[in-house]
Amino acid sequence: MLAGGADLQVLKERLGHGSISTTEKYLHTLPDADDTALDALARTRSRSRR
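What comes next concerns the included structure. Worth saying up front: this structure is predicted, and the values here are computed from it rather than measured.

### Observations regarding the overall build of the protein
Then step 1. The helix and strand inventory of the protein stands at three helices and zero strands.
Then step 2. Each helix and strand of the protein, ordered N terminal to C terminal, gives the series α-α-α.
Then step 3. Rg of the C-alpha trace for the protein: 12 Å, well past the compact-globule value of 10 Å for 50 residues, more than 25% over.
Then step 4. Seen along its three principal axes, the alpha-carbon backbone of the protein occupies a region of about 35 × 20 × 15 Å.
Then step 5. Classification of the 50 residues of the protein by burial places 14% in the buried group.
Then step 6. As displayed, the protein has an accessible area near 4,100 Å², and 52% of this comes from carbon and sulfur atoms.
Then step 7. In the protein, which carries 8 positive and 7 negative side-chain charges, the distance between the mean positions of the two groups comes to 8 Å.

### Some thoughts on the environment of L38
Then step 1. As for its position among the elements, L38 is in helix 3 (residues 33-48).
Then step 2. A relative accessible area of 54% means that L38 is categorised as exposed.
Then step 3. For L38 and G5, which are 33 residues apart along the polypeptide, the C-alpha to C-alpha distance reads 9.7 Å.

### What to know about the environment of L2
Then step 1. Its place among the elements puts L2 in the segment before helix 1 (8-15).
Then step 2. Taking C-alpha positions, L2 is 8.9 Å from Y26, a pair spaced 24 residues apart along the chain.

### So, the side chain of K12
Then step 1. With respect to the secondary-structure elements, K12 resides in helix 1.
Then step 2. At 5.1 Å, E13 is the nearest oppositely charged side chain to K12, a buried residue that forms no salt bridge.
Then step 3. Excluding residues within four positions of it along the chain, K12 makes contact with H17, G18, S19, I20 and T23.

Criteria and cut-off values
- Residue positions are counted from 1 within each chain, in the order its sequence is given.
- Where totals are concerned, whole chains, interfaces and linings use all residues; where local detail is concerned, this predicted model gives features only for residues with pLDDT of at least 70, and gives and counts side-chain atom pairs only at 80 or more.
- Heavy atoms throughout the structure, all of them, feed into the side-chain values; hydrogens and water do not.
- The numbering of helices and of strands both runs from the N terminus, where a helix is a DSSP run of H or I of at least 4 residues and a strand a run of E of at least 2.
- This radius of gyration counts C-alpha atoms alone. The globule rule is 2.2 Å times how many residues there are, raised to the power 0.38.
- Each residue's exposure class comes from its accessible area (1.4 Å probe, protein chains only) as a fraction of the maximum for that residue type: buried when under 20%, exposed when over 50%, partly exposed otherwise.
- For accessible areas, the Shrake-Rupley method is used with a probe of radius 1.4 Å. Any residue's cover is judged against the shown protein chains and nothing else.
- By the counting scheme adopted, Arg and Lys are positive, Glu and Asp are negative, and His together with the chain ends is not counted.
- Where a charge lies is defined by one atom per residue type: Lys uses NZ, Arg uses CZ, Asp uses CG and Glu uses CD.
- Each reported salt bridge corresponds to a side-chain nitrogen of Lys or Arg within 4 Å of a carboxyl oxygen of Asp or Glu.
- It only takes one pair of heavy atoms within 4.5 Å for two residues to be counted as in contact.

No statement about biological role is implied by the geometric values presented.
As structure tokens, then:
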């Protein structure tokens, strides 16, 4: 879900983690996480300009 651009907080709740730091432990497995985040930001910005 993270690789697809899911929000970390949403994923935390979905997985039932009590702490966001538990969910963050999985971020190291995503080599393209920065690109995914930037793509998500670009999509959000383009939606707000319409």
